Amino acid sequence: MADLLEYLAKQLVDDPDAVRVERVDEPDAVVLRLHVAQDDLGKVIGKQGRIARALRTIVRAGSVREHRRVQLEIVD
Amino acid sequence: METQEISVEATGETVGEAKWAALRELEKQHPGLDKSAVHFQVVTEGERGLLGVGFSPAKVVATVSAGAAAAAPVDESELAAETRALVTRIVDGIGVSGRIDVNEDDEVITVSCAGPDLGMLIGRHGQTIDAVQYLANAIMWRRHPQDRKEVVVDAAGYRDRRRVALESLAVRSAERALSDDEPVELEPMTAVERKVVHLRLKEFDGVETTSEGTEPNRFVVVHPVA
């Protein structure tokens with residue numbers, strides 16, 4: 001799931017080299033922290049947060065196979 | 001001219017399963033390949049074993065000529081092939097396996113998925129498939145700002161079924177708005193679905209439609225007009 005998130009983010013930003021996904025295992029959930037260049041934040045959030053919402057939906061759908069809640073955090 | 005061949009090896013509990021697995025792998029690498037051109041060679045028949053002892057899997061090699069592998073999508077444009085690759089990557093990443101077909105016209109590239117676990121791809125109220133579609137559009141638009149086409153992601157006729165249901169809901173709501181002479185608020189919908197309702201009622205006499213509320217709870221309101 002982290003792979004897919006990283007791939008998608010790289011397609012959306014101006015600076016793909018700055019894209020990094022950090023996986024943090026918490027007791028009841030997996031947190032995927034998506035790091036992008038500061039100037040690219042808007043690109044992964046989108047108008048009215050629509051890109052971020054679509055990314056979250058896809059991450060959630062993919063996590064069904066993980067049997068654990070997966071959260072997405074976007075950080076610069 | 002030398003004929004190039006593509007081979008994959010696969011295993012399974014039985015020869016049949018191994019063949020099926022090999023075919024799936026070939027299709028994954030070469031979407032739309034001509035299945036009748038695939039040849040199988042059984043490497044080992046496998047041993048069923050007894051109570052798990054002595055089990056060995058069946059192994060087959062599936063071979064197809066490079067020509068047959070590339071034959072099907074020959075009429076596929078570069079844009080369509082790229083869209084196919086993008087959607088395939090997302091669908092695989094979500095963990096849904098299946099066949100992907102692409103259809104292209106002047107304005108729209110439709111990517112249709114078929115397979116066993118499409119419910120997972122569609123998601124509640126079509127949320128997941130709409131998210132895939134939204135991202136596919138955003139990415140393709142970014143890559144090709146000049147010659148962009150709308151991308152529609154479908155799963156086993158889902159869009160058609162949903163469109164028919166939404167259109168009939170739209171008409172019923174318009175009739176109610178007219179008979180009660182009051183605005184009718186519909187359930188929250190995705191942008192794709194709201195558009196279906198707006199379009200259906202555009203030619204419906206006596207009503208106008210608007211969208212209200214904020215995502216993800218944005219909904220259509222059908223207003224009667226004097």
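Residues numbered from 1 in each chain as written. Chains lettered and ligands numbered in written order. Predicted model: local features only at pLDDT ≥ 70, side-chain atom pairs only at ≥ 80, totals over all residues. Heavy atoms only, no water.

Secondary structure summary: chain A contains 3 helices and 3 strands in total. Per-residue burial for chain A yields a buried fraction of 43% across its 76 residues. A separation of at least 24 residues holds for 56% of the contacts in chain A among residues at least 6 apart in sequence. On chain A, roughly 4000 Å² of surface is accessible, and the fraction owed to carbon and sulfur atoms is 44%. (Helix = DSSP H or I, 4+ residues; strand = E, 2+ residues; numbered from the N terminus. Buried < 20%, exposed > 50% of the residue type's maximum accessible area, 1.4 Å probe, protein only. Contact = heavy atoms within 4.5 Å. Areas by Shrake-Rupley, 256 points an atom, 1.4 Å probe, with all protein chains shown as cover.)

This next bit is on helix 3 (residues 78-94) of chain B. Residues and elements named next belong to chain B. Compared with the 24 Å implied by 1.5 Å per residue over 17 residues, the 25 Å span of helix 3 between its first and last C-alpha is a close match. Along helix 3, the residues that are buried comprise L79, A80, T83, R84, L86, V87, I90, V91 and I94. Once helix 3 finishes, G95 follows within two positions and takes phi at roughly 105°, a positive value. (Expected span 1.5 Å × (residues − 1).)

Below, the discussion takes up the interface of chain A and chain B. Facing 22 residues of chain A, the contacting portion of chain B comprises 21 residues. Carbon and sulfur atoms supply 65% of the area that chain A and chain B bury against each other, a total of about 2000 Å² over both sides. In this assembly, chain A and chain B are joined by 1 salt bridge. A salt bridge links D14 of chain A to R142 of chain B; the shortest N-O distance between them is 2.9 Å. For the interface between chain A and chain B, the tally reads 5 residue pairs in polar contact (both at pLDDT 80 or more). Put simply, the parts of the chain that give the side of chain A that touches chain B at least two residues each are helix 1 (2-12) and helix 3 (50-62) of chain A. (Buried area = accessible area lost by both parts, 1.4 Å probe. Salt bridge = Lys/Arg side-chain N within 4 Å of Asp/Glu carboxyl O. Polar contact = N/O pair within 3.5 Å; in protein donor to acceptor, adjacent residues only side chain to side chain.)

The tally for this structure, following the rule as stated, stands at 0 aromatic pairs over all chains. Positioned above the aromatic ring of Y7 of chain A, the side-chain terminus of R89 of chain B is 4.7 Å from the ring centre. (Phe/Tyr/Trp six-rings, centres within 6.5 Å; stacked < 30°, edge-to-face > 60°. Lys NZ or Arg CZ within 6 Å of the ring centre and 35° of its normal.)

Further remarks concern the nonpolar core. If you look at the biggest cluster of nonpolar residues, it comprises 49 residues, and the most contacted ones within it are L34 and L55 of chain A together with I94 and L121 of chain B. Ranked by the residues each element gives to this core, the list is headed by helix 5 (residues 127-143) of chain B, at 8 residues. What L34 of chain A contacts, discounting residues up to four positions off in sequence, is L5, A9, V19, R20, V21, V44, L55, L72, E73, I74 and V75 of chain A. Counting 15 residues, the second-largest nonpolar core is a separate cluster that includes L186, V196, V197 and F204 of chain B. (Core = buried A, V, L, I, M, F, W, Y, C linked by side-chain atoms within 4.5 Å.)

What follows is about the sheet that holds strand 1 (residues 5-12) of chain B. Residue and element names in this part refer to chain B. Spatially, 1-3-2 is the arrangement adopted by the 3 strands of the open sheet, whose pairing is antiparallel. Each having just a single partner strand, strand 1 and strand 2 (39-44) make up the two edges of the open sheet. Here the strands of the sheet are splayed against their neighbours by 25° on average, with no regard to which way each runs. Direction of pairing for strand 2 relative to strand 3 (residues 58-65): antiparallel, over a ladder of 5 bridges. For Q41, the partnering residue across the bridge sits in strand 3 and is V61. (Pairing = 2+ DSSP bridges. Axes fitted to C-alpha atoms, helices over the stretch in contact; angles between N-to-C directions.)

The next thing to look at is the pattern of salt bridges. Scanning the model with the defined rule gives 17 salt bridges over all chains in all. The salt bridge partner of R33 of chain A is E22 of chain A, with a shortest N-O separation of 3.9 Å. Of the two residues, R33 of chain A is situated in strand 2 (residues 29-35) and E22 of chain A in strand 1 (residues 20-26); the sequence distance between them amounts to 11 residues. The class for E22 of chain A is partly exposed, based on a relative accessible area of 28%. Between R162 of chain B and E193 of chain B there is a salt bridge; the shortest N-O distance is 2.7 Å. Linking R162 of chain B in helix 6 (residues 158-180) with E193 of chain B in helix 7 (residues 191-202), this pair joins segments that are 31 residues apart in sequence. Its relative accessible area of 4% is what places E193 of chain B among the buried residues. By sharing partners, the salt bridges in this structure join D14 and K43 of chain A together with R142 of chain B into a single network.

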